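# Per-entry structural report
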Amino acid sequence: MVANPQSQMACMTLGSKSEAFHREGKTWLCTAGLPSDVMIEIGEMSFNVHKFPLLSRSGLLEKLIEEFSTEDGSGSVLKLQDLPGGAKAFEIIAKFCYGIKIELTPSNIVCLRCAAEYLRMTEDYGEGNLIAHTEAFLNEVFSNWTDCIKALETCEVLQYAEELHIVARCIESLASKACTDPNLFNCSVSECNDTQMASAPASAPALWNGLSAATKPPSTTDHWWFEDVSFLRLAFYKRLILAIESRGMEPETIAASLLYYAKRYLPLMNMQATYDINPVNPGTTKSTPSEADQKVLLEEIVGLLPIKKGATSTKFLLRLLRAAMVLHASPSCRENLEKRVGAQLDQAVLVDLLIPNMGYSVDTLYDIECVHRILDHFMSVEKGGDISSSPCIVEDQLASGTDPLTPITMVANLIDGYLAEVAPDVNLKPPKFEALAAVVPDYARRLDDGIYHAVDVYLKAHPWLTDMEREQLCRLMNCQKLSLEASSHAAQNERLPLRVIVQVLFFEQLRLRTSISGWFFVSENLDNAQNPNGSKELPRNDEANKMEHAQDYAVAFNITERVSDLEKECLSMNQELRKLAKSKRSWRIFSKKLGFGQKSRHCNAKESKSCDMKNPASSLNGKQDHQNAEVLC
């Protein structure tokens, strides 16, 4: 984890004699002078030692020596193939039995404690035996964050560590420290280095954990322990997270630690989509797990995610979902992620929602069905959720001219943008496009510009669609909810069906006429209020009123010209349709169904004079406009 971790670890020295063993190949020989009378074989290594130092410290060796001793006094051969720690652990134990100087460190304390238990090195076989010494040093290790992490890493292959509750004690110690201010105990592994140790003055006061004050870490955040615990294998990391959660750690902090751990071992979680599994700490060396191991790891992480809504970011959830599809995680895992994303879909961004299709039968570039399921779950949550997202509340807010920015409106904008992104896919069939767009209710959209843009992109990428299919797609948008810019674009869009273009023109004309009528009504009331005697002249010295009225009349003149142009366009379209109707009978039938005869009577040149500035309100006949709307729709 660091350049020289030994310089930071605690150490206990036992014994005082000088070295009395030397190695020759795969054999350890004791140079005490007397010939050895016992050979102990551990794996491929052999130890030529003496009986008395061993049986005076170990109950198991005493029993074995008695059982396998020969009558002629020749040396016994004992095999200890199941000794925890193997030959390395027995080498240290043999030196302890001979009183030779040894060092207990966090790196070897666990295996020595397990080996001492296996050999039954209790106080019954000599005061100050190895079990007592290792237990005392373990207590010191548990009080230190760095040493405890190192000791826990060595428990991975030792069965006795579980039986002696060493793993449980390590995890409890780490969990308590992770939930405590890090300034109260030893610095974490990632923050300590040789420079800090070297810079500590000799006269610096010692802390309770034995380190100088110079090594006290600077102020840190709640994330200080993420990197250290990310080196643990999955089984230990999972137990640590559960222990931390049981102690009341914030769900947001736990989710952040899971993200850190996932990024280290799941290459698909990285932004660059590379197979460097150590983007957080490039100096470390970790092999890439197999796909099977990555699948298990991902499913375990999903199971550890906090239940609290919003504790895990939607971006992280969508990355996990994408990785789950690539690794072919279990259906329950993917369903869990889809529901979590759906519950907070309003927090998602478009780029993360573009999930590539990983199915065996790939028909579209992006997984439209997955997004459909996520959206369905969001709608089911919203129906039983906050009252502020109900249709009546949203519609009232939209009618008042305010943008409520409720979750449902944010999701509507997100889905409209998603439809526009996936629309160019030539393999995307109209029913699938329509089904996804139809999930968003009409009241969720303040304007239909987004869905209009998506439909326009789809029509452009699919020029082979029939007129019926085009009209069916255009039913997804409400022509009355298009902005002025969108209406202008739609009126000149050759990809739209003619019926839709006529609707757009009609509603724009109706909206402009209504605006003109409302303006003249307000202007007349304002004039009457300013001139109660009926005088229409403005005060000579009121320059502000003169300027305001001049601007209002200019705007009204421009609007009137726009209305006149729209009426001329309608008249021109009717004339062209009549010419086509004369040549083809089908067009005559089409003309009768749409009621172009009635439309022409309303849009003739004589009635267009009704938009004269003297009496603009008279052009708004409520009954005629209602009939026109029925004809066009």
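Procedures and definitions
- Residues numbered from 1 in each chain as written.
- Predicted model: local features only at pLDDT ≥ 70, side-chain atom pairs only at ≥ 80, totals over all residues.
- Heavy atoms only, no water.
- Helix = DSSP H or I, 4+ residues; strand = E, 2+ residues; numbered from the N terminus.
- Buried < 20%, exposed > 50% of the residue type's maximum accessible area, 1.4 Å probe, protein only.
- Contact = heavy atoms within 4.5 Å.
- Areas by Shrake-Rupley, 256 points an atom, 1.4 Å probe, with all protein chains shown as cover.
- Phe/Tyr/Trp six-rings, centres within 6.5 Å; stacked < 30°, edge-to-face > 60°.
- Lys NZ or Arg CZ within 6 Å of the ring centre and 35° of its normal.
- Pairing = 2+ DSSP bridges.
- Axes fitted to C-alpha atoms, helices over the stretch in contact; angles between N-to-C directions.
- Salt bridge = Lys/Arg side-chain N within 4 Å of Asp/Glu carboxyl O.
- Lys, Arg positive; Asp, Glu negative; His and termini not counted.
- Expected span 1.5 Å × (residues − 1).
- Disulfide = S-S within 2.5 Å.
- Core = buried A, V, L, I, M, F, W, Y, C linked by side-chain atoms within 4.5 Å.
- pLDDT = per-residue confidence, 0-100.

Across its full length, the chain carries 28 helices and 7 strands. Taking all 633 residues of the chain together, 45% fall into the buried category. A sequence separation of at least 24 residues applies to 70% of the contacts in the chain between residues at least 6 apart. Accessible surface, the chain: about 32600 Å² in total, of which carbon and sulfur atoms supply 54%.

It is worth spelling out the packing of aromatic side chains at this point. Taken as a whole and assessed by the stated rule, the structure comprises 8 aromatic pairs. Considering the side-chain rings of Tyr118 and Tyr160, the 6.1 Å spacing of their centres and the 85° angle between planes classify their relative orientation as edge-to-face. Within this pair, whereas Tyr118 is found in helix H4 (residues 109-118), its partner Tyr160 is found in helix H7 (residues 159-163), the two being separated by 42 residues in sequence. Classification of Tyr160 by relative accessible area gives partly exposed; the value is 25%. Taken together through their ring pairs, the aromatic side chains of Trp225, Phe226 and Tyr260 make up a single cluster. Of note, Arg264 hangs over the ring of Phe231, and the distance from its end group to the ring centre comes to 4.8 Å.

Taken together, the 5 strands give an open sheet; going across it, the order is E2-E3-E5-E4-E6, and neighbouring strands pair in mixed fashion. Edge positions in the open sheet fall to strand E2 (21-24) and strand E6 (76-79), since each of these has one partner strand only. Ignoring which end each strand starts from, the neighbouring axes of this sheet average 20° apart. Relative to strand E3 (residues 27-30), E2 is paired through 4 bridges, and the arrangement is antiparallel. Residue pairing across strands places Glu24 opposite Thr27, the latter belonging to E3.

Before going further, it helps to examine unusual backbone geometry. Even without being a glycine, Arg120 presents a positive backbone phi close to 55°. Note on Arg120: relative accessible area 38%, which makes it partly exposed. In this structure, His165 is a non-glycine residue whose phi angle is positive, near 65°. With respect to the helices, strands and loops of the structure, His165 is situated in the loop between H7 and helix H8 (166-178). Exposure remark for His165: the relative accessible area of 53% places this residue in the exposed category.

A few words on the pattern of salt bridges. For the structure on display, the rule yields 17 salt bridges. Two residues, Lys432 and Glu369, come together in a salt bridge whose shortest N-O distance is 3.7 Å. Of the two residues, Lys432 is situated in helix H20 (residues 430-439) and Glu369 in helix H17 (residues 368-383); the sequence distance between them amounts to 63 residues. In this structure Lys432 comes out as partly exposed when scored by relative accessible area, which is 21%. Given the relative accessible area of 46%, Glu369 is considered partly exposed. Note that Asp442 is salt-bridged to Lys481, the shortest N-O span being 3.6 Å. With Asp442 in the loop between H20 and helix H21 (449-461) and Lys481 in the loop between helix H22 (467-474) and helix H23 (484-491), this pair connects stretches of sequence that are 39 residues apart. Judged by relative accessible area, Asp442 falls into the partly exposed class, the value being 42%.

Along the chain, Arg470 turns up in helix H22. No salt bridge forms around the buried Arg470; measuring N to O, its nearest opposite-charge neighbour Asp467 is 4.6 Å away.

Before going further, it helps to examine H8. Its 13 residues place the ends of H8 18 Å apart at the C-alpha level, agreeing with the 18 Å of an ideal helix rising 1.5 Å per residue. Within H8 the residues assigned to the buried category are Ile166, Val167, Cys170, Ile171, Ser173, Leu174, Ala175, Lys177 and Ala178. Those residues of H8 that are buried lie in contact with H4, helix H5 (130-142), helix H6 (145-153), H7 and helix H11 (234-246).

Across the two faces of E3 the burial differs, with Trp28 and Cys30 buried and Thr27 and Leu29 not buried at all. Remark: 2 residues form the turn of the hairpin made by E2 and E3, two consecutive strands paired antiparallel; Gly25 in that turn has positive phi of roughly 70°. Of the pairings in the sheet, the one linking E3 to strand E5 (residues 45-49) comprises 3 bridges and is parallel in character. Each residue of the ladder has a partner; that of Thr27, found in E5, is Ser46.

The alternating pattern of E6 places Ser76 and Leu78 on a buried face, while none of Val77 and Lys79, on the opposite face, is buried. Strand direction decides the pairing type here: strand E4 (residues 38-42) and E6, joined by 4 bridges, are parallel. Directly across from Ile40, in E6, lies its bridge partner Leu78.

This paragraph deals with the state of the cysteines. Scanning the model with the defined rule gives 0 disulfides in all. Free of any disulfide, Cys170 has its nearest neighbouring cysteine sulfur in Cys148, separated by 4.0 Å. On the basis of relative accessible area, Cys170 is assigned to the buried category, the value being 0%. A disulfide-free cysteine, Cys474 has its sulfur positioned 7.7 Å from the sulfur of Cys479, the nearest such atom. Residue class for Cys474 comes out buried when judged on its relative accessible area of 5%.

The next subject is H5. With 13 residues, H5 ought to run about 18 Å at 1.5 Å a step, and its terminal C-alpha atoms sit 18 Å apart, in line with that. In the core, the buried residues of H5 are packed alongside strand E1 (12-14), helix H3 (86-98), strand E7 (102-104), H4, H6 and H8.

Generally speaking, a soluble globular protein has its nonpolar side chains buried in company with each other. With 158 residues, the main nonpolar core has Ile40, Ile166, Trp225, Leu298, Leu345, Leu375 and Phe433 as its most contacted residues. A per-element tally of this core places helix H19 (residues 407-422) first, with 9 residues. Among all residues touching Trp225, those that are not within four sequence positions of it are Trp145, Ala178, Ile241, Ile244, Met249, Thr253 and Ser257.

Turning next to the confidence of the model for the chain. When the pLDDT values of the chain are averaged, the result is 76; 66% of them are 70 or greater. Low pLDDT (under 50) marks residues 1-7, which in the prediction has 13 contacts with non-local residues, meaning those over four places away or in another chain. For the stretch residues 186-219, pLDDT sits under 50, and the model shows 56 contacts to residues farther than four places along the chain or on other chains.

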